[in-house]
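Listed below, chain by chain, are the residues.
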Amino acid sequence: MNYRMREASMDDIALITNIYNQGIEDRVATLETSLKSVDEMKDWMTNRSDKHKVLIIEDCNGAVKGWASINTFNSRCCYSGVADISIYIEREERGKGLGKTLLNYLVKVAQEQGFHKLVLSTFEFNEAGKRLYRSVGFREVGTYINQGTLDGKFVNVTIMEKLL
Ligand SMILES: CC(C)(COP(=O)(O)OP(=O)(O)OC[C@H]1O[C@@H](n2cnc3c(N)ncnc32)[C@H](O)[C@@H]1OP(=O)(O)O)[C@@H](O)C(=O)NCCC(=O)NCCS
């Protein structure tokens, strides 16, 4: 199967929402526990600068299989060259190389947009996530212990970074 990457449009928002909600349900990727509505995700897509792109990977039939986003890390001017990132692959498509392909594309787009560094937070137990990030050159900065709660239990959160 051939895949294609491109910037997302509002037409993709229902599928982006669906894939994000799978990540929320699976409890592997985010401290969010409430599923998102398409309207909430439309707001998320609208309220971002032109530099803070949302990207998708789709198959040759145009079916969206995953998305990734370049997010504001901190609104202070001194951090304008740093972006936070998110990435979610459709549940049935994980472990097939799509995440790595999409993340490499995101790195290229972030460079084109003038960012000098990407950062992210991941659950310490998210081995698939950490391996994906390491495989495209992210390093572990450190781990916050008991940083958040998920279903009433503390979780440790690892911070990673990649200089571009
Ligand atoms: C994490 C995620 C984005 C990875 O994408 P993917 O398409 O499944 O990963 P890939 O197939 O491209 O594999 C990338 C690397 O991760 C490794 N990997 C993939 N799934 C793995 C798993 N379940 N356990 C351990 N390593 C795994 C691969 O071996 C590969 O490493 P390598 O290049 O060193 O061989 C995807 O699994 C996902 O969407 N998970 C749910 C949401 C999530 O966790 N997002 C990240 C939040 S921080």
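Just so we're clear, the structure is a prediction, and the values are computed from it rather than from any experiment.

Parameters and conventions
Residues numbered from 1 in each chain as written. Predicted model: local features only at pLDDT ≥ 70, side-chain atom pairs only at ≥ 80, totals over all residues. Heavy atoms only, no water. Helix = DSSP H or I, 4+ residues; strand = E, 2+ residues; numbered from the N terminus. Rg over C-alpha atoms; globule rule 2.2 N^0.38 Å. Buried < 20%, exposed > 50% of the residue type's maximum accessible area, 1.4 Å probe, protein only. Contact = heavy atoms within 4.5 Å. Areas by Shrake-Rupley, 256 points an atom, 1.4 Å probe, with all protein chains shown as cover. Lys, Arg positive; Asp, Glu negative; His and termini not counted. Charge placed at Lys NZ, Arg CZ, Asp CG, Glu CD. Salt bridge = Lys/Arg side-chain N within 4 Å of Asp/Glu carboxyl O. 1 Å grid on protein atoms, 1.4 Å probe; cavity = no way out; pocket = protein on both sides within 12 Å on 5 of 7 lines; lining within 4 Å. Points joined across faces, edges and corners; volume = space filled by probe spheres on them. Disulfide = S-S within 2.5 Å. Axes fitted to C-alpha atoms, helices over the stretch in contact; angles between N-to-C directions. Parallel < 35°, antiparallel > 145°, perpendicular 65-115°, else oblique. Nonpolar A, V, L, I, M, F, W, Y, C, P; charged D, E, K, R; others polar.

**Thoughts on the overall build of the protein**
And step 1. Scanning the protein from terminus to terminus reveals four helices and seven strands.
And step 2. Reading the protein from its N end, one meets helices and strands in the order β-α-α-β-β-β-α-β-α-β-β.
And step 3. The C-alpha radius of gyration of the protein comes to 15 Å, within 12% of the 15 Å expected for a compact globule of 164 residues.
And step 4. Overall, the protein is about 45 × 35 × 30 Å in size when its C-alpha atoms are taken along their principal axes.
And step 5. Looking at the protein residue by residue over its 164 residues, the buried ones come to 44%.
And step 6. Sequence separation of 24 or more characterises 62% of the internal contacts of the protein that already satisfy a separation of 6 or more.
And step 7. By element, 46% of the accessible surface of the protein is carried by carbon and sulfur atoms, the whole surface being about 8800 Å².
And step 8. Taken as two groups, the 22 positive and 22 negative side-chain charges of the protein have centres that lie 6 Å from each other.

**Describing the pattern of salt bridges**
And step 1. For the coordinates displayed, the defined rule picks out 17 salt bridges.
And step 2. Salt-bridge contacts for D26 lead to R91; the nearest nitrogen and oxygen are separated by 3.1 Å. Remark: R91 occurs in the loop between β4 (82-89) and α3 (98-112) and D26 occurs in helix α1 (residues 13-26); sequence separation between them is 65 residues.
And step 3. Across the salt bridge formed by K117 and E161, the nearest N and O atoms sit 2.7 Å from each other. Here K117 is found in strand β5 (residues 117-123), whereas its partner E161 is found in strand β7 (residues 153-163), with 44 residues between them in sequence. Side by side, K117 and E161 carry an identical accessibility label, which is buried.
And step 4. Through salt bridges with shared partners, a single network forms among R4, R6, D12 and E58.

**Section: the layout of surface pockets**
And step 1. Here the largest pocket defines a volume of roughly 1200 Å³.
And step 2. A29, I87, Y88, N126 and Y133 are the residues nearest the centre of the largest pocket, which is lined by 47 residues in total.
And step 3. Elements that contribute at least two residues to the lining of the largest pocket include exactly α1, α2 (38-46), β3 (64-72), β4, α3, β5, α4 (127-135) and β7.
And step 4. Tallying contributions element by element places β4 first for the lining of the largest pocket, with seven residues.

**Topic: the state of the cysteines**
And step 1. Throughout the structure, instances matching the rule amount to zero disulfides.
And step 2. Take C77: it sits in no disulfide, and the sulfur closest to it among the cysteines is that of C78, at 7.2 Å.

**Section: the packing of α1 against α2**
And step 1. At a minimum axis distance of 9 Å, the contact between α1 and α2 shows a crossing angle of 105°. As far as their axial angle goes, α2 and α1 are roughly perpendicular. Judged by residue contacts, I13, A14, I16, T17 and Y20 of α1 engage V38, M41, K42, W44 and M45 from α2.
And step 2. Across the contact of α1 with α2, the residue classes tally to eight nonpolar, one polar and one charged.

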